[in-house]
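Architecture and fold: a report
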Amino acid sequence: MYHRFEDQRFPSTSISSKNFQDQIKYLKKNDFNILPISDLVLFFKKNYEIPNKSVFITIDDGYKSFYEHAFPILKKHKIPFSLFLSTKFVSNEKKSDFMSWRMIKELSKNNGEILNHTNSHPKLLELPINEIEEEFDLAEKKILSKIGRLKRVVSYPYGESSPEIQELIAKMDYDIGFSQHSSPIHINENKLALPRFAINDEFGDMKRFIQIVNSKALITSELKILKNGSNLEKFQIFFSTNKAENAVNCYINNNAELKKKVINKKIINLKISNLKKNRRYRLNCTYFDEKRNLFWYGKMIKVTPESIIF
């Protein structure tokens, strides 16, 4: 997942052209399959087989810097990509940070799929469900009127959703939805809240990029969440894997606290505390096998004034 390019004002969401070009060169040199998102839709809908070493390139929001710095690289190599567009910000103004419809149409004619990222990029968890539907519906209508086609795929602003929002997306006939937590995708994933690795200059050097694209899914089972009623500062997670539980390491950001223990030699218990309201957290659990292959499991946790959404 990418956002901005060559924009030093935002190191957490921007990447240099050189860094991006080096990443594309690595993928091509090492025989990765860079596939369109439509293949991922088929994977979940029709048990469509996706080859090993497959990646999907997505870009969120619609910044002009993508058109200026990254699109030429993708176009040159005829690489498919997906742009999740927040339609309200499309602009013809020269000083605007955002692309025009002319630019977006050019993307769509050069292996770019233009997809739904709401109209105004709001925090969905702060809106009533009818307004969330309006956000996606308005963006859908604008993309259809300007581009003429729309794959049934969405990306949630800030990666935030809930079971209720995901149910709405399914009712609106969307096939898959994307969040912003880190993890490889596998067939048992929640297809309405799929993970993506955020790539930027702050956390996107080649060493990390190579580690990410070569990682495999750490598949969990028997997942249970234990919450304590109205206490929004802590909760517990229980799950199993097919790896050595003691060698699985778990981390959480934003000064939350995490304590891990293994129960009966097969169940991993994570006690997470020091959570704050209106904060977004990313939980990552990793495992290295004897050949140093990396297995990765990630989830987003959002604490609202009313609940913990996992």
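Not measured: the values here are computed from a predicted model.

At a minimum axis separation of 11 Å, helix α3 (residues 64-77) and helix α4 (residues 101-108) run at an interaxial angle of 20°. The angle between the axes of α3 and α4 places the two elements in the roughly parallel class. In the crossing of α3 with α4, the sense of the turn from one axis to the other is left-handed. Across the interface between the two elements, Lys-64, Phe-66, Tyr-67, Phe-71 and Lys-75 of α3 pack against Arg-102, Met-103, Glu-106 and Leu-107 of α4. Of the residues belonging to the contact of α3 with α4, the class tally is 5 nonpolar, no polar and 4 charged.

The subject of this paragraph is unusual backbone geometry. Its identity is not glycine, yet Glu-6 carries a phi of approximately 55°, on the positive side. Position of Glu-6 relative to the elements: it lies in the loop between β1 (4-5) and β2 (14-15). Judged by relative accessible area, which is 32%, Glu-6 ranks as partly exposed. Phi is positive for Tyr-158, which is not a glycine, with a value near 65°. Here Tyr-158 lies in the loop between β8 (153-155) and α6 (163-171).

To continue, consider the state of the cysteines. For the structure on display, the rule yields 1 disulfide. The disulfide partner of Cys-250 is Cys-285, and the S-S distance across this bridge is 2.2 Å. Judged by the sign of its S-S torsion, about 110°, the bond between Cys-250 and Cys-285 is right-handed. Highlighted residues: Cys-250 in strand β13 (residues 249-252) and Cys-285 in strand β16 (residues 279-288), separated in sequence by 35 residues. We classify Cys-250 as buried; its relative accessible area is 12%. Judged by its relative accessible area of 0%, Cys-285 falls in the buried class.

Taken together, the 4 strands give an open sheet; going across it, the order is β11-β12-β15-β14, and neighbouring strands pair in antiparallel fashion. Unpaired on one side and paired on the other, β11 (220-228) and β14 (257-263) mark the two borders of the sheet. Taken pair by pair, the neighbouring strands of this sheet meet at an average axis angle of 20°, ignoring direction. Relative to strand β15 (residues 267-273), strand β12 (residues 231-241) is paired through 5 bridges, and the arrangement is antiparallel. Across the sheet, Ile-237 pairs through a bridge with Leu-270, a residue of β15.

To continue, consider a positive patch on the surface. Residues Lys-234, Lys-259, Lys-261 and Lys-271 make up a contiguous surface patch of positive charge. Inspection of the secondary structure puts Lys-261 in strand β14.

Let us now look at the packing of aromatic side chains. Summed over the entire model, instances satisfying the criterion amount to 18 aromatic pairs. Note on Phe-5 and Phe-66: the rings are 5.7 Å apart at their centroids and 50° apart in plane angle, and the pair reads as tilted. With Phe-5 in strand β1 and Phe-66 in helix α3, this pair connects stretches of sequence that are 61 residues apart. Classification of Phe-5 by relative accessible area gives buried; the value is 1%. Here the aromatic rings of Phe-71 and Phe-81 are separated by 6.0 Å at their centres, their planes lie at 65°, and the arrangement is edge-to-face. Here Phe-81 lies in strand β6 (residues 81-85) and Phe-71 lies in helix α3, a separation of 10 residues in the sequence. Accessibility assignment for this pair places Phe-71 and Phe-81 in one class, buried. Chaining the aromatic ring pairs together yields one cluster made of Tyr-2, Phe-5, Phe-20, Phe-66, Tyr-67, Phe-71 and Phe-81. Cation over ring: Arg-4 sits above Tyr-63, and NZ or CZ is 3.9 Å from the ring centre. Between Lys-243 and the ring centre of Phe-295, over which it is positioned, the NZ or CZ distance is 3.9 Å.

Attention now goes to the nonpolar core. Judged by nonpolar contacts, the single largest core of 50 residues is most densely connected at Tyr-2, Phe-20, Leu-27, Ile-57, Phe-66, Ile-104 and Leu-107. Looking at this core, the elements that each hand over two or more residues are α1 (17-29), α3, β6, α4, α5 (129-147), α6, α7 (206-213) and β17 (294-303). With 6 residues, the top contributor of residues to this core is α3. Contacts of Leu-27, omitting those with residues within four sequence positions, involve Phe-32, Ile-34, Val-55, Phe-209 and Val-213. Leu-232, Phe-239, Ala-256 and Cys-285 belong to the second largest nonpolar core, which has 22 residues in total.

Below, the discussion takes up α6. Since the α-helix packs 3.6 residues into each turn, any two residues three or four apart lie on the same face. Looking at α6, one finds that the buried residues are Ile-165, Gln-166, Leu-168 and Ile-169. Along the axis of α6, the buried residues cluster in a sector spanning 155°; they form a single face. Summarising the geometry of α6, the exposed residues directed more than 90 degrees from the buried face are Pro-163, Glu-164 and Lys-171. As for α6, its buried residues are in contact with α5 and β8. Of the residues one or two after α6, Asp-173 is the one with positive phi, at around 70°.

About the thresholds
- Residues numbered from 1 in each chain as written.
- Predicted model: local features only at pLDDT ≥ 70, side-chain atom pairs only at ≥ 80, totals over all residues.
- Heavy atoms only, no water.
- Axes fitted to C-alpha atoms, helices over the stretch in contact; angles between N-to-C directions.
- Helix = DSSP H or I, 4+ residues; strand = E, 2+ residues; numbered from the N terminus.
- Parallel < 35°, antiparallel > 145°, perpendicular 65-115°, else oblique.
- Left-handed = near helix turned anticlockwise from the far one by under 90°.
- Contact = heavy atoms within 4.5 Å.
- Nonpolar A, V, L, I, M, F, W, Y, C, P; charged D, E, K, R; others polar.
- Buried < 20%, exposed > 50% of the residue type's maximum accessible area, 1.4 Å probe, protein only.
- Disulfide = S-S within 2.5 Å.
- Pairing = 2+ DSSP bridges.
- Patch = residues over 30% accessible without salt bridge, like charges linked within 9 Å, V, L, I, M, F, W, Y side chains within 5 Å.
- Areas by Shrake-Rupley, 256 points an atom, 1.4 Å probe, with all protein chains shown as cover.
- Salt bridge = Lys/Arg side-chain N within 4 Å of Asp/Glu carboxyl O.
- Lys, Arg positive; Asp, Glu negative; His and termini not counted.
- Charge placed at Lys NZ, Arg CZ, Asp CG, Glu CD.
- Phe/Tyr/Trp six-rings, centres within 6.5 Å; stacked < 30°, edge-to-face > 60°.
- Lys NZ or Arg CZ within 6 Å of the ring centre and 35° of its normal.
- Core = buried A, V, L, I, M, F, W, Y, C linked by side-chain atoms within 4.5 Å.
- Arc of directions from axis to C-beta.

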